[in-house]
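Letter by letter, the chains look like this.
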Number of protein chains: 4
Amino acid sequence: MPHRVGIAGHRGYSGAELVRILQHHPRVEPVLLEHRDDGAAGIIIRNAQGPHRAPCTAEAVRAEKLAIVFLATPAEVSMELAPAMFEAGARVVDLSGAFRLRTPENYAAWYGAVHTQPALLAEAAYGLPEFCRDRIPGARLVANPGCYPTAANLAIRPLVEAGAVERAAGIVCDAKSGASGAGRKPSLKTSFCEVTENFSAYSILRHRHVPEVLQVSGLEEREFSFTAHLLPIDRGILETIYFRTAGALTADDLLEIYNRRYAGEPFIRLYHAGHAPDLHAVARTNFCDIAVTVDAATRRAVVVSAIDNLVKGAAGQAVQNMNLMLGYPESEGLI
Amino acid sequence: MPHRVGIAGHRGYSGAELVRILQHHPRVEPVLLEHRDDGAAGIIIRNAQGPHRAPCTAEAVRAEKLAIVFLATPAEVSMELAPAMFEAGARVVDLSGAFRLRTPENYAAWYGAVHTQPALLAEAAYGLPEFCRDRIPGARLVANPGCYPTAANLAIRPLVEAGAVERAAGIVCDAKSGASGAGRKPSLKTSFCEVTENFSAYSILRHRHVPEVLQVSGLEEREFSFTAHLLPIDRGILETIYFRTAGALTADDLLEIYNRRYAGEPFIRLYHAGHAPDLHAVARTNFCDIAVTVDAATRRAVVVSAIDNLVKGAAGQAVQNMNLMLGYPESEGLI
Amino acid sequence: MPHRVGIAGHRGYSGAELVRILQHHPRVEPVLLEHRDDGAAGIIIRNAQGPHRAPCTAEAVRAEKLAIVFLATPAEVSMELAPAMFEAGARVVDLSGAFRLRTPENYAAWYGAVHTQPALLAEAAYGLPEFCRDRIPGARLVANPGCYPTAANLAIRPLVEAGAVERAAGIVCDAKSGASGAGRKPSLKTSFCEVTENFSAYSILRHRHVPEVLQVSGLEEREFSFTAHLLPIDRGILETIYFRTAGALTADDLLEIYNRRYAGEPFIRLYHAGHAPDLHAVARTNFCDIAVTVDAATRRAVVVSAIDNLVKGAAGQAVQNMNLMLGYPESEGLI
Amino acid sequence: MPHRVGIAGHRGYSGAELVRILQHHPRVEPVLLEHRDDGAAGIIIRNAQGPHRAPCTAEAVRAEKLAIVFLATPAEVSMELAPAMFEAGARVVDLSGAFRLRTPENYAAWYGAVHTQPALLAEAAYGLPEFCRDRIPGARLVANPGCYPTAANLAIRPLVEAGAVERAAGIVCDAKSGASGAGRKPSLKTSFCEVTENFSAYSILRHRHVPEVLQVSGLEEREFSFTAHLLPIDRGILETIYFRTAGALTADDLLEIYNRRYAGEPFIRLYHAGHAPDLHAVARTNFCDIAVTVDAATRRAVVVSAIDNLVKGAAGQAVQNMNLMLGYPESEGLI
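Calculation criteria
Residues numbered from 1 in each chain as written. Chains lettered and ligands numbered in written order. Predicted model: local features only at pLDDT ≥ 70, side-chain atom pairs only at ≥ 80, totals over all residues. Helix = DSSP H or I, 4+ residues; strand = E, 2+ residues; numbered from the N terminus. Rg over C-alpha atoms; globule rule 2.2 N^0.38 Å. Buried ≥ 20, exposed ≤ 12 C-beta atoms within 10 Å, placed from the backbone. Contact = placed C-beta atoms within 7 Å. Nonpolar A, V, L, I, M, F, W, Y, C, P; charged D, E, K, R; others polar. Pairing = 2+ DSSP bridges. Axes fitted to C-alpha atoms, helices over the stretch in contact; angles between N-to-C directions. Least-squares fit on C-alpha atoms with pLDDT ≥ 70 in both. Core = buried A, V, L, I, M, F, W, Y, C linked by C-beta atoms within 7 Å. Domains from an automatic or database assignment. Parallel < 35°, antiparallel > 145°, perpendicular 65-115°, else oblique. Expected span 1.5 Å × (residues − 1). Bend = angle between axes of the 7 residues up to and from the residue. Right-handed = clockwise from strand over helix to strand, strands pointing away.

### Some details on the overall build of chain A
Alright, step 1. When helices and strands are tallied, chain A shows 12 helices and 14 strands.
Alright, step 2. Against the globule reference of 20 Å for 335 residues, chain A gives a C-alpha radius of gyration of 20 Å, in line with a compact fold.
Alright, step 3. Taking the principal axes of its C-alpha atoms as reference, chain A extends roughly 65 × 45 × 40 Å.
Alright, step 4. Taken across its 335 residues, chain A has 56% of its residues classed as buried.
Alright, step 5. Within chain A, counting contacts between residues at least 6 apart in sequence, those at least 24 apart form 70% of the total.

Structure, rendered in structure tokens:
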């Protein structure tokens, strides 16, 4: 019998992607939780039958016997909903930034708001399976990683762990994302005429995803320069990461570090030297594609990391976490 | 009486932009030089009257009494045409990479081809008016700068000159360009379906525009990491430049360096701290917009530099050079 | 001495285009009228100097000695502002739909609102110079045409006047517009992720621009089927118009009708048979490009009409009207 | 045991979409047939394992025991390959225009070339399951319909069959397609800079897909006006179809005609009156979405029909045909 799982915030871009993936997942049955009617009812089709719907309340979650509830909601809503879901017997995968950082102080510093559930911060498992696979299966609360940190940490941490980076010279991560990363709420900044044929940097050195990278990679803030940019596309993140190698290393040396670290990982793909991913390569997949360029003589190195921000950067990784929590094969229902 | 000026390669994107600008220039009369019929005749309109046309030969250039010929042609064609234009009494503004580097060795190393006019390399004036204004008015041959180096050098050189950059830590220039920078010749890489909703890095650490940046900025190759990216837009270049400040400097300190260096420059615009240009701000203008972000405590600095690759990065700067060569006000006919 | 002219609604897309055109107009000096602060202050540049600004009040308009005020405001705001502008001694070019229809009844039927200035409906001159040039120079109030009707009427009316259309069979106008036509106010419908890689029909058979076409072309509603579509581009309108010719006419016959009707018109361009405009041909120009295809054997005819919705469809035509009102050459400051 | 099926032309856009669908189809195993190396090898990934590959020859097809070969090749290549595939014991689903029309004369008239396999024209089953389901299961050769005709015929034929259209007044089909419909071969017309922020009509009244619509719908050429347009998007076709109803019919009357005709059809979706599909609704699905608007008083009717040109308009419909040929459920492996 399939597990039943709920999705709150299913009208947002990450939530809708979750619905899309879960509708084709062979082992679960999705239920749409109506937290707030945003008035956009989607396509209106005669005789159409979509997934089952229920209110987003503890009573309904209990009555629907939901094993897991995905919260694709703003951080402040997730803080409010998570305890209610636990009360109703469900476990939670939260896609917001609410439970990713370890301390309320760090949360306050980067999110500019008081954390209302500090106890859950300590409890939450960080849902980056490639590095935190142990704690996820038994967790009641999984904090699904941010989109930028997913691409960054999968590229950076193996190299830092292996001592391949000259940390004193600093690491630069120049990150570019499609507009769906900004969410579905209309704003002038994400209006079509403002975004098309345009490109811009934002949150220069101060993006709230920075502390997630530091937390996972072990870098210090002074070692890490991060700038986000808005691409005139719907989906996809590409990060270009610059550093100096610690000692004389070649591209093949770095690839070998990744190869060893990611042996058996279903969602990490490495490129031969001289090749690099574009966003089409990862679109609508749960892959993180990584490529390496090195000028060995001068120890300058560049790593390109690409994901689909709505899949490996959000809904796909959330399903990967769900698979671990429910004891399914980790790549079940994902491509 | 207006000067008459010729445009070879007027069907390419830079050439067409030149025609557009020159048709509204109050002091010159453009003549289209037909070097090679590429079969695309443009819009076909009854009774339409376009600019005058002539063959791209020394005889025709002499007969048409052209003061200046713009070569918006591939480097190898420019090398072939430039001497013929001189013979016909015209001066040349070349928009290709043929005459930008100082030595044939450097050209061979980065362009992978033998330079057939080495004497002209020594003669050519580099057409970045903000830094090379003295030599341009009297030059017979002006090498119009590359698009990426224009945005990079205008951002980097004032800081390097002022000693504001800790060069030992390296400078990263992450550059993004619209597809018109790749030229008009059809290729799979610039086909619509390959570019739309996509983004990719290319020429990582090895772009042929790198030596132009080194030549103008005074940096060494080992100090400078450059990666080009293809944006799914028509036009525009945005470069995000990362470095460590030499000593404790604020954003206002860096802005003051730019302010002093660029006092009176008509085409450099600076942003208040906390603001940065997007590509719409510079589209179809000859401006280079520059913004600065600094985290003084850790000495991490980011400069954003934006231009329209077809204007300040090609045709607009070529007209700026023409204005200097013909003794007109430098911003005549440019906005 | 140049005339001074005011622009209310200068932050909207049509208003900003007006500012762009008027800043390069050789005979007028634009003044930005601050009707309501929408909070978006545009690019922030050190030492930049923009156009003069003043409040959008009768007192300020009088003090600034504005000859003409452009209202690039919503219809209900235009109805409120126009009398105040007259009081201040200014004439008005209104870019909204407020004054285009002849009767308050027609306005109520299509706009779903009561017209609060019915007397001005009778007074207003319809600002389509190619057909209403006589009344514009002396008008106190010019109603600048809608974008869709401009492209439609310029294509349809000469053929209807010449009796070339079999009206009983009906005329179909399939119209497609870029997203700037929907205005700058953020909404889910015009969010980037909803528009990119998308296309849709809207206001099928019921668009509020329909009565303008009927009024100018002389067609009856039952003879005219109009559907609007949203293109994933910033600017441009292309209309594909289908009808049956009255009698055996060729493409050249129809072109001859246009040729005669539009002899000397600076902004109408006709294409040779076998060619048709795309939106790049008219982008950022005040042209309306028209092409004809006919299958004479079956009397099926197709006319393609293309404009830039923000120029000939809004700001450019408004300046064309201003030129007529102030006695300047009609194409002054327009390309 | 799964059937093995071959794909010739798997590097084109339709062919690549076929590979994508077939890789997730639960009952077949795809084999890539290498007909001609186009030099673009796709993404280069260490240790990646793609589908099996074989030469596109009769020997290889026999040796690989392919039950069906999909020809996603140009018409002239399909004419050449089809007999070789039969010889090797395979059945063929051809995605080109080679076998869609019934007579060599009609082919010559619209494709401007001599048909080299006229006998196969008579044999081929037209692969539009909703109307030709009977002949497909037993066919040796299925001609997969064109993309435009699929959207047009699914919308038009039920109404013509039901006598709901006043044919004497003519039917207009204004069709818009994404650029992938033009194929993957680079050309100036489909270069990014030419397509982005652009829109154009082409093949006005003379598109080679017209005879397919006539053949299936039963309309005469004089009754049917068709114009194709190029949308600045990757994929999707939306057709806006105008006609006069035969007698006083409402939108619900027309919807009822569709409802009856398409009862049980898995891939046809109808919209409630007042709603209409956009291209996002059908992207990456095998659905054809249909909506109806009627002004009963004047008998003007508009039908909007939307598909993904690469799915229901090509690869998805080809798999639907394959399912019928191999006796699988018709929607197996399709969403």
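### Examining unusual backbone geometry
Alright, step 1. Within the chain, Leu 205 of chain B stands out as a residue other than glycine whose phi angle is a positive 65 degrees.
Alright, step 2. By the secondary structure assignment, Leu 205 of chain B is in the loop between β9 (200–202) and α9 (210–217).
Alright, step 3. Overall, Leu 205 of chain B belongs to the partly exposed group, with 19 C-beta atoms counted inside 10 Å.
Alright, step 4. Located in the positive-phi region is Lys 65 of chain D, a residue other than glycine, with phi close to 55 degrees.

### Focus: the interface of chain B and chain D
Alright, step 1. Counting residues at the interface gives 15 residues for chain B, matched by 15 residues for chain D.
Alright, step 2. Per-element tally for the side of chain B that touches chain D: the top contributor is helix α8 (residues 192–195) of chain B, with 3 residues.
Alright, step 3. By residue class, the composition of the side of chain B that touches chain D is 8 nonpolar, 5 polar and 2 charged.

### Description of the sheet that holds strand β3 (residues 52–55) of chain D
Residues and elements named next belong to chain D.
Alright, step 1. Ordered by their spatial adjacency, 7 strands build an open sheet running β3-β2-β1-β4-β5-β7-β6, and the pairing between neighbours is parallel. Only two strands of the sheet have a single neighbouring strand rather than two, namely β3 and β6 (125–126).
Alright, step 2. Contacting β1 (3–8), β2 (28–34) and β4 (66–71), helix α1 (residues 13–23) crosses the sheet at an angle of about 155 degrees to β2.

### Description of the environment of His 209 of chain A
Residues and elements named next belong to chain A.
Alright, step 1. Note on placement: His 209 falls in the loop between β9 (200–202) and α9 (210–217).
Alright, step 2. In this structure, the C-alpha to C-alpha distance between His 209 and Gly 313, residues 104 residues apart in sequence, is 12 Å.
Alright, step 3. Dropping the residues within four chain positions of it, His 209 is found in contact with Gly 146, Tyr 148 and Pro 149.

### Structural notes on the relation of the copies chain A and chain B
Alright, step 1. Of the transformation placing chain A onto chain B, the axial shift is 0.0 Å and the rotation is 180 degrees, giving an RMSD of 0.0 Å. Taken together, these values place the two copies in the relation of a two-fold axis. No C-alpha of chain A lies nearer the rotation axis than that of Ala 169 of chain A, which sits 2.7 Å from it.
Alright, step 2. When the interface residues of chain A are mapped onto chain B, 100% of them are again interface residues, pointing to one common binding face.

### Quick notes on the relation of the copies chain B and chain D
Alright, step 1. Mapping chain B onto chain D calls for a rotation angle of 180 degrees and an axial translation of 0.0 Å; the resulting RMSD is 0.0 Å.
Alright, step 2. When the interface residues of chain B are mapped onto chain D, 100% of them are again interface residues, pointing to one common binding face.

### Here's the deal with the nonpolar core
Alright, step 1. In this structure, Phe 70 of chain A, Phe 70 of chain B, Phe 70 of chain C together with Phe 70 of chain D are the most contacted members of the largest nonpolar core, which totals 452 residues.
Alright, step 2. Setting aside anything within four residues of it in sequence, one finds Phe 70 of chain D in contact with Val 5, Gly 6, Ile 7, Ala 8, Leu 18, Val 93, Leu 95 and Ala 318 of chain D.

### Section: the domain arrangement of chain A
All names here are of chain A.
Alright, step 1. In terms of domain boundaries, chain A breaks down into domain 1 (3–145 + 313–326) and domain 2 (148–309).
Alright, step 2. Each of domain 1 and domain 2 has a C-alpha centre, and the two are 25 Å apart.
Alright, step 3. If you list the elements that add at least two residues to the side of domain 1 that touches domain 2, you get α4 (104–111), α6 (129–132) and α12 (311–326).
Alright, step 4. Looking at the side of domain 1 that touches domain 2 element by element, the count peaks at 5 residues for α12.

### Examining the interface of chain A and chain B
Alright, step 1. Contacts between the two partners involve 35 residues from chain A and, on the opposite side, 35 residues from chain B.
Alright, step 2. Listed by contribution, the elements that provide at least two residues to the side of chain A that touches chain B are β8 (171–177), β9, β10 (224–230), β11 (237–244), α11 (279–282), β13 (288–295) and β14 (300–307) of chain A.
Alright, step 3. Per-element tally for the side of chain A that touches chain B: the top contributor is β11 of chain A, with 4 residues.
Alright, step 4. Taken together, the residues of the side of chain A that touches chain B break down into 15 nonpolar, 10 polar and 10 charged.

### Things to note about the packing of helix α7 (residues 147–161) of chain A against α12 of chain A
All names here are of chain A.
Alright, step 1. The interhelical angle for the contact between α7 and α12, taken along N-to-C directions, is 100 degrees, at an axis separation of 8 Å. Judged by the angle between their axes, α7 and α12 are roughly perpendicular. Counting all contacts with α7, which are made through Cys 147, Thr 150 and Ala 151, the residues of α12 involved are Lys 312, Gly 313, Ala 314 and Gln 317.

### Some points on the sheet that holds strand β9 (residues 200–202) of chain C
Residue and element names in this part refer to chain C.
Alright, step 1. With mixed pairing, 7 strands are arranged side by side in an open sheet as β9-β10-β8-β11-β14-β13-β12. Edge positions in the sheet fall to β9 and β12 (268–270), since each of these pairs with one other strand and no more. Here the average twist between neighbouring strands, direction ignored, is 25 degrees.
Alright, step 2. With 3 bridges joining them, β12 and strand β13 (residues 288–295) adopt parallel strand pairing. By the bridge assignment for β13, Arg 269 is matched with Asp 289.

### Overview of α7 of chain A
All names here are of chain A.
Alright, step 1. The first and last C-alpha atoms of α7 sit 21 Å apart over 15 residues, in line with the 21 Å expected at 1.5 Å per residue.
Alright, step 2. Considering bend angle alone, the principal kink of α7 is centred on Asn 153 and spans about 35 degrees.
Alright, step 3. Most of α7 sits inside the fold, with 12 of its 15 residues counted as buried.
Alright, step 4. Burial in α7 covers these residues: Cys 147, Tyr 148, Pro 149, Thr 150, Ala 151, Ala 152, Asn 153, Leu 154, Ala 155, Ile 156, Pro 158 and Leu 159.
Alright, step 5. Phi turns positive, to about 70 degrees, at Gly 163, one or two residues after α7.

### Looking at the environment of Arg 20 of chain B
Alright, step 1. For Arg 20 of chain B, the position within the fold is in helix α1 (residues 13–23).
Alright, step 2. Counting along the chain gives 128 residues from Arg 20 of chain B to Tyr 148 of chain B, while the straight-line C-alpha distance between them is 22 Å.

### Topic: the environment of Pro 149 of chain C
Alright, step 1. Mapped onto the secondary structure, Pro 149 of chain C falls in helix α7 (residues 147–161).
Alright, step 2. Sequence-wise, Pro 149 of chain C and Pro 211 of chain C are 62 residues apart; in three dimensions their C-alpha atoms are separated by 8.8 Å.

### Here's the deal with the pairing of strand β2 (residues 28–34) of chain C
All names here are of chain C.
Alright, step 1. The buried count for β2 comes to 5 of 7 residues, which makes it a mostly enclosed element.
Alright, step 2. Of the strand pairs in this sheet, strand β1 (residues 3–8) and β2 are connected by 6 bridges, and their pairing is parallel. In the strand pairing of β2, Ile 7 is matched with Leu 32.
Alright, step 3. Each parallel crossover has a hand, and the one from β1 via helix α1 (residues 13–23) to β2 is right-handed.
Alright, step 4. Both β2 and strand β3 (residues 52–55) contribute to a ladder of 4 bridges, which runs parallel. Residue pairing for β3: Leu 32 is matched across the bridge by Arg 53.

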